[in-house]
Every structure is written in structure tokens, then in C-alpha cells.
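# Architecture and fold: a report
These are the residues of each chain, in order.
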Amino acid sequence: MVYVVAPLTARQRAAWDQHFSVEGAERDRRIEEGLWRRTQEFENCTTSGWTSPEDRRRRILHYRFEFDAVDNDSEHGALAVVDTYLYYSIALPHDELSRQSAQLREALAAGGWVAQEGPGETYTFDHLVAQLDEYEVHPRGVDLARPLPAGYRSLDLTISSSAVPEARSALPWDVLAGGMRVPDTRGEPEIVDDVARILEHAPFQVEVGCGLSVEAGIPALHFLHELYRVTRRSDKSFIFDPEDDDVLAAFLRDPAERTVAHSQMYLACLEATGASCHESLAQLARDGIVIGDVVTNNFDGLVARAGLSERYVRRYDEQVPAVDFHPDARALLVIGSHADRRKVQARARALGLTIIYLDLEGFWEDGAFHDYPLEGPQDGDLLWRVSASEGLAALVEASRAVVVEQR
């Protein structure tokens with residue numbers, strides 16, 4: 001167990017008790033989990049660096065931290081990581097893998113991990129166990145289904161504080177077997193700038209992505225991509241080279257300090273109180289403009305904390321679960337949700353709902369606007385290029401004006 005906030009303030013403890021430790025919720029909000037797999041293919045050559053069939057590098061990283069509020073000497077207790085799981089698997093040319101293997105073993109020594117007797121290469125540190133293995137052919141059989149060129153080897157590192165269930169250890173390989181995500185081909189949506197044009201399609205069901213969370217002060221997803229060395233933010237290229245891929249080595253050198261660092265996204269969710277866009281969304285629901293469950297990809301729980309019914313659909317295998325669309329909904333309003341969850345939109349479109357995107361198609365950072373085009377819009381969809389807070393506030397004002405006029 002590692003304390004990440006000690007002591008908790010009264011407000012933090014209240015947020016934990018009311019929103020994070022709730023039993024019977026659709027998902028366990030005590031857990032933060034993430035999974036990425038990166039492979040070199042012809043289809044992703046611009047980001048993976050693939051140049052020939054000899055380029056078959058593979059990187060998988062799966063993490064899972066379980067948090068809990070625990071008693072200590074303070075009035076409101078402390079927030080701690082009570083269960084740790086980090087799984088890392090790479091396949092690289094022999095010389096590159098040797099450099100990564102050396103980096104990890106140096107980190108084990110620097111961190112004070114103690115080698116254990118017995119089969120396999122096992123180390124312990126306090127409550128953690130690290131298992132390091134190298135393979136010519138990976139035991140999951142992945143190298144047989146996706147053969148590696150001559151001179152490649154695989155390395156696995158698992159860091160855990162408790163026994164790892166088989167379903168958890170199998171998950172990344174099941175996801176890998178599902179293949180890489182194929183980008184959509186964008187159509188030609190109608191660009192609109194009139195809120196009245198949007199209201200013509202009410203009532204809406206709503207799907208939200210990280211746009212609302214960012215406006216509430218929660219870091220965007222690229223924070224995790226950088227923390228876990230998934231992609232380079234500058235050009236979105238995959239990170240395979242050992243010199244840049246140092247996230248596990250850093251954790252091994254100082255597990256307690258890195259556990260705190262890896263908890264920052266979760267702490268931001270705990271601290272967040274929502275933004276004006278969440279308040280506007282709740283008001284639209286009270287006014288009957290927004291109906292049904294709010295489909296969400298966000299793990300911060302802010303939709304539910306705003307008093308709205310939440311349908312959480314983020315899955316690592318991209319097999320988005322069924323969504324019950326309200327029978328009275330005429331449109332799906334998609335707010336700040338980009339490529340990965342486009343299947344919800346495809347299902348709504350197939351049912352005859354109008355798809356309306358409320359999205360700036362970019363973001364402001366350090367005084368500069370960075371383009372971030374939507375991938376999913378198709379012919380016949382509507383695109384309203386405003387921020388979540390601006391667009392939802394305009395919808396609240398316009399819908400109220402319609403009600404007053406009708407009276």
C-alpha cells in the first residue's frame with residue numbers, strides 16, 4: 001500500500017464517499033486501468049515507423065491501480081493505492097531488446113529489489129513482486145500467429161502486489177488478437193453555426209468524450225500517453241526504442257514515488273467538481289431537451305455527479321457494448337468525442353437518428369490553437385464548431401427562449 005494523498009481534506013473525503021466508493025455502480029470507480037498495444041504494420045507505417053516486413057516491433061502496456069480511503073492518524077484518512085498491477089511486453093530486434101533488458105535490470109538493482117530463489121527471474125520490493133522473462137517464442141503463442149523476423153526476441157515484465165487473475169493477464173493478448181484499429185474515412189458533414197438549426201433536431205440523446213472533462217480541469221488523454229510512453233505527442237509516432245521507453249525502469253527505481261506520479265490522473269478526477277458544460281447538460285435534461293442515458297467514454301464520473309444517468313462504454317477491445325437509445329430521441333449529440341468510440345454514432349445513424357457533432361476540432365494550449373479533426377462525421381451529419389461550454393450554454397438559452405415564446 002502506498003499513500004498518494006495523506007491526509008485527505010474534508011472535501012476530498014466527501015467526494016470519495018459520495019462518488020468513488022459507491023457499491024453497485026456500473027463500474028468500480030476505485031479502479032484506474034489502461035491498456036495500449038502498439039505494433040508495426042504497413043497500414044500504420046506513418047506512426048509505427050514500419051518500412052519493410054522486417055519491422056515487427058510490438059509493445060503492450062497494461063496497468064491497473066486500485067485506490068481506497070484508509071484510516072491513518074488524520075480526521076479524514078488518506079487515499080492509498082492498495083493494489084498495483086503493471087504488465088509490459090515487448091518484441092524487438094535482439095540488440096534493442098538487449099538494451100531494454102539491461103536498462104530494466106539496472107533499475108531493479110538501483111531500486112533495491114531483492115532477487116528470489118526458484119524458477120524464473122523474480123524480485124521483491126516491499127509488497128511488490130516483479131517477474132522478468134525473455135523468450136524466443138512468446139508463451140501466449142502470439143509470435144506463431146504473427147511471426148517475428150529472425151533476430152527478434154520478446155521480453156515480459158509484470159509488477160504486482162497480489163495474485164493476477166487469468167482473465168487480467170489474458171486481456172492484452174485478446175485485445176491484440178482483435179487487430180489494429182482501422183480509421184474511418186470522413187464524409188462531408190454540414191457545417192452549421194446557428195443554434196436554432198441544432199434545436200430543430202431535439203430532443204437529443206448525448207454522447208460525451210474527453211472534451212467535457214478537459215473543460216473541468218482533467219488532463220487530456222495525451223497526459224497518459226506521455227506518462228506511459230505510448231506515443232510522442234509531437235508527431236504521434238509510437239515509442240519502441242529503449243532510450244525513450246523508460247516508464248518501467250523509472251517505476252522500478254522508485255516504486256513509491258512513481259506510484260504517486262501515476263496517480264495524478266485519478267487525483268484530478270477526485271478533485272474535479274464539473275464545469276459549466278456539465279451544469280448546462282443537466283439543465284437541458286431537466287428541460288427535456290436531453291433525454292435517455294448520457295453515453296460516456298470518461299472515467300471521471302462527472303456526468304453521474306451532475307445528476308445524469310450514465311452509460312459507460314469504454315472498452316479496450318473496441319467492442320462497444322449495446323446502447324439503449326431513447327425511443328423519443330431524434331438525434332445523437334456528440335460532444336468532444338473523437339475516433340475511438342465512433343461505433344455508438346454508427347448505431348444511432350443506422351436507427352435514423354441525426355448525428356450532430358459539437359466540437360471545436362482542436363484545442364487551445366499555451367495560447368496556440370492545435371487542430372484535432374474529427375474522424376467519424378459522415379454525409380448528412382451536422383458539425384457545430386464550438387466548445388462544449390459555449391455550445392451547451394447556447395442551447396440552454398435558446399431552448400428557454402422557445403419555451404417563453406410558446407407561453
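Nothing here was measured: the structure is a model prediction, and the numbers come from that model.

About the thresholds
- Residues numbered from 1 in each chain as written.
- Predicted model: local features only at pLDDT ≥ 70, side-chain atom pairs only at ≥ 80, totals over all residues.
- Heavy atoms only, no water.
- Core = buried A, V, L, I, M, F, W, Y, C linked by side-chain atoms within 4.5 Å.
- Buried < 20%, exposed > 50% of the residue type's maximum accessible area, 1.4 Å probe, protein only.
- Helix = DSSP H or I, 4+ residues; strand = E, 2+ residues; numbered from the N terminus.
- Contact = heavy atoms within 4.5 Å.
- Pairing = 2+ DSSP bridges.
- Axes fitted to C-alpha atoms, helices over the stretch in contact; angles between N-to-C directions.
- 1 Å grid on protein atoms, 1.4 Å probe; cavity = no way out; pocket = protein on both sides within 12 Å on 5 of 7 lines; lining within 4 Å.
- Points joined across faces, edges and corners; volume = space filled by probe spheres on them.
- Nonpolar A, V, L, I, M, F, W, Y, C, P; charged D, E, K, R; others polar.

A few words now on the nonpolar core. Leu79, Ile159, Tyr228, Ile335 and Leu395 are the most contacted members of the largest nonpolar core, which has 81 residues in total. Top element by residues in this core is strand 4 (residues 78–93). It accounts for six residues. Once residues lying within four places of it in the same chain are set aside, the contact partners of Leu395 are Val195, Ile198, Leu199, Phe204, Leu284, Leu333 and Trp384.

With that settled, the discussion passes to the sheet that holds strand 10 (residues 204–208). Paired through backbone hydrogen bonds, the strands of a sheet run either parallel or antiparallel to each other. In space, the seven strands of this open sheet follow the order 9-17-14-13-10-11-12, with parallel pairing throughout. Of all strands in the sheet, those with a lone pairing partner are strand 9 (190–192) and strand 12 (310–312), marking the two edges. Averaged over all pairs of adjacent strands, the angle between strand axes in this sheet comes to 25°, irrespective of strand direction. As judged from the four bridges shared by strand 10 and strand 11 (residues 290–296), these two strands associate in the parallel manner. The residue bridging Val206 from the neighbouring strand is Val294, located in strand 11. Contacting strand 10, strand 11 and strand 13 (331–335), helix 12 (residues 276–286) crosses the sheet at an angle of about 145° to strand 11. On top of the sheet, helix 14 (residues 342–350) reaches strand 10, strand 11, strand 13 and strand 14 (354–358); it is set at about 145° to strand 14, its chief contact.

Below, the discussion takes up unusual backbone geometry. Following Ala6, the chain continues to Pro7 via a peptide bond in cis, the omega torsion being 0°. Mapped onto the secondary structure, Pro7 falls in the loop between strand 1 (2–5) and helix 1 (10–20). The phi dihedral of Asp126 is positive, around 55°, even though this residue is not glycine. On the secondary structure map, Asp126 appears in the loop between strand 6 (121–125) and strand 7 (128–135). In the Ramachandran plot, Glu361 falls in the positive-phi region, its phi being about 55° despite a non-glycine side chain.

Of all the positions in helix 12, only Cys277, His278, Ser280, Leu281, Ala282, Gln283 and Leu284 are classed as buried. The positive-phi residue at the C-terminal boundary of helix 12 is Gly288, with phi of around 80°.

This model, assessed by the stated rule, comprises one cavity of 30 Å³ or more. Roughly 30 Å³ of volume is contained in the largest cavity. The wall of the largest cavity is formed by ten residues, among which Ser337, His338, Gln345, Tyr357 and Gly376 lie closest to the centre. Residue composition of the lining of the largest cavity, by class: four nonpolar, four polar and two charged.

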